[in-house]
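The lines below spell out each chain.
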Amino acid sequence: MSDELRSLPKIRARGRSFLALVLSPEPGLSDWMAGLDAQIARSAAFFASKPVILDLSLLGPDEPGLGKLYPALLERGIRIIAIEGADPTTPAIAHWQWPAGLEGGRASGAVDIPDDHVPVPERIQGSSLIFEQPIRSGQTIVNPDGDIIIIGSVGSGAEVTAAGSIHVYGALRGRAIAGMNGQPEARIFAHDMRAELLAIDGYYMTAEDIDPRFSGNPSQAMLNNDTIVVQPLSLRTAAPSRR
């Protein structure tokens, strides 16, 4: 081996996990887009910086407005990293500039998990992660296999995502997304409920939808007939959510 080759630096590759949202438009695209616009208006950051997979499996090749769907999503700042569930040679969508796409991946989908922003869990019990420190603004933590338990607060702008339930033994001021793998029985518990966004199994509720009576109190969020309800741990009164 020459001296030149010996002096070259070694290339280091590391793995990194991503959680991607899967967006599945439904027939009646004009109504579906109106619903999407309403969601974005209520929570402008819902899709911000999130990789999104566009799943077209619910739409037929003759769906009215199909050809304009992808450009319309891009105009709304939705970052499409892959398209699945359709034949790219279909006339209505053949003109799209299709992303290269991804292979593999798990059913949980993908939020970027930056190494330098994510606190390390101090304890692991089974599939649950336990954090004994606050989750600061801008941090994202994900457990694709179970619950997340936080012995502290979740700051505004932080995001906690779990396949199971989320337990916050402090103030929950950021975004909490539970049941991300299709677990409608998941719940979100907070000693001080001030969440910017709550989501369970794809259904969500923004801060504006949470009854002010529950703000600042020990509360839990759960799904009831495909609707998120929030109630104090000691009461049964509930506030409905939107999807």
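Residues numbered from 1 in each chain as written. Predicted model: local features only at pLDDT ≥ 70, side-chain atom pairs only at ≥ 80, totals over all residues. Heavy atoms only, no water.

Enquirer: Would you take a moment to explain the overall build of the protein chain for this structure?
Expert: For the protein chain, the helix and strand inventory stands at three helices and 15 strands. Within the protein chain, buried positions represent 46% of all 243 residues. Expressed as a percentage of contacts within the protein chain between residues at least 6 apart in sequence, the contacts between residues at least 24 apart total 41%. For the protein chain, the computed accessible surface area is about 13200 Å², with 51% contributed by carbon and sulfur atoms. (Helix = DSSP H or I, 4+ residues; strand = E, 2+ residues; numbered from the N terminus. Buried < 20%, exposed > 50% of the residue type's maximum accessible area, 1.4 Å probe, protein only. Contact = heavy atoms within 4.5 Å. Areas by Shrake-Rupley, 256 points an atom, 1.4 Å probe, with all protein chains shown as cover.)

Enquirer: Please clarify how the nonpolar core should be interpreted in this entry.
Expert: For soluble globular proteins, the rule of thumb is that nonpolar side chains tend to be buried together. Of all hydrophobic cores here, the largest spans 30 residues; its most connected members are Ile150, Leu172, Ile188 and Leu198. When sequence neighbours within four positions are dropped, the list of residues in contact with Ile150 reads Phe131, Gln133, Ile135, Ile141, Val160, His167, Val168 and Tyr169. Counting 21 residues, the second largest nonpolar core, distinct from the first, contains Leu23, Leu29, Leu36 and Leu59. (Core = buried A, V, L, I, M, F, W, Y, C linked by side-chain atoms within 4.5 Å.)

Enquirer: Mind showing me how you'd approach the pairing of strand E3 (residues 79-84) here?
Expert: In the case of a regular strand, side chains alternate between the two sheet surfaces. Sheet topology note: the strand E2 (residues 51-55)/E3 ladder contains five bridges and is parallel. Note on E3: the bridge partner recorded for Asp55 is Glu84. In this fold, E2 hands off to helix H3 (residues 69-75), which returns the chain to E3; that crossover is right-handed. (Pairing = 2+ DSSP bridges. Right-handed = clockwise from strand over helix to strand, strands pointing away.)

Enquirer: Help me understand the packing of aromatic side chains, please; the structure alone is not making it clear to me.
Expert: For any pair of aromatic rings, the description rests on two quantities: the centre-to-centre distance and the angle between the ring planes. Applying the stated rule across the entire model yields two aromatic pairs. Arranged with centres 5.9 Å apart and planes meeting at 35°, the rings of Trp96 and Trp98 form a pair that is tilted. On the basis of relative accessible area, Trp96 is assigned to the buried category, the value being 6%. (Phe/Tyr/Trp six-rings, centres within 6.5 Å; stacked < 30°, edge-to-face > 60°.)

Enquirer: Is there a simple way to explain the sheet that holds strand E6 (residues 140-143) in this structure?
Expert: Think of a sheet as strands paired side by side through backbone hydrogen bonds, with each pair either parallel or antiparallel. Pairing is mixed in the open sheet, where five strands are placed in the order E6-E8-E10-E12-E13. Lying at the two open borders of the sheet, with one neighbouring strand each, are E6 and strand E13 (203-206). Strand after strand, the sheet turns through a mean of 5° between neighbouring axes, direction not considered. (Axes fitted to C-alpha atoms, helices over the stretch in contact; angles between N-to-C directions.)

Enquirer: Any chance you could explain the sheet that holds E3 here in plain terms?
Expert: Spatially, the three strands line up as an open sheet ordered E1-E2-E3, and their pairing is parallel. Edge positions in the sheet fall to strand E1 (21-23) and E3, since each of these pairs with one other strand and no more. Pairs of neighbouring strands in the sheet enclose a mean axial angle of 30°, with direction left out of account.

Enquirer: Is there a simple way to explain the environment of Ala100 in this structure?
Expert: Counting through the fold element by element, Ala100 comes out in the loop between E3 and strand E4 (123-125). When its relative accessible area of 88% is taken as the criterion, Ala100 is described as exposed.

Enquirer: How do you make sense of unusual backbone geometry when you look at a structure like this?
Expert: The backbone phi angle of Asp201 is positive, close to 55°, even though this residue is not glycine. With respect to the secondary-structure elements, Asp201 resides in the loop between strand E12 (197-200) and E13. Residue class for Asp201 comes out partly exposed when judged on its relative accessible area of 25%. Of note in the backbone geometry, Asp226 takes a positive phi value of approximately 60° without being a glycine. Checked against the element boundaries, Asp226 lands in the loop between strand E14 (219-223) and strand E15 (228-232).

Enquirer: Can you walk me through the pairing of strand E5 (residues 128-131) in this structure?
Expert: What you see with E5 is no split at all: Ser128 and Ile130 on one side and Leu129 and Phe131 on the other are buried throughout. Pairing geometry for E5 and strand E7 (residues 148-150), over three bridges, is parallel. Bridging from a neighbouring strand, Phe131 pairs with Ile150 of E7.

Enquirer: How should I be thinking about the pattern of salt bridges in this particular structure?
Expert: Where charged atoms from two side chains of opposite charge approach closely, those side chains can pair. Enumeration according to the criterion identifies four salt bridges in this entry. The salt bridge partner of Arg194 is Asp192, with a shortest N-O separation of 2.8 Å. The exposure class of Asp192 is buried, given its relative accessible area of 13%. The partner of Asp211 in a salt bridge is Arg213, with the nearest N and O atoms 2.8 Å apart. (Salt bridge = Lys/Arg side-chain N within 4 Å of Asp/Glu carboxyl O.)

Enquirer: Teacher, can you tell me more about the environment of Gly202 here?
Expert: Here Gly202 lies in the loop between E12 and E13. Residue Gly202 is classed as exposed on the basis of its relative accessible area of 54%. Separated by 24 residues in sequence, Gly202 and Ala178 have C-alpha atoms that sit 8.7 Å apart.

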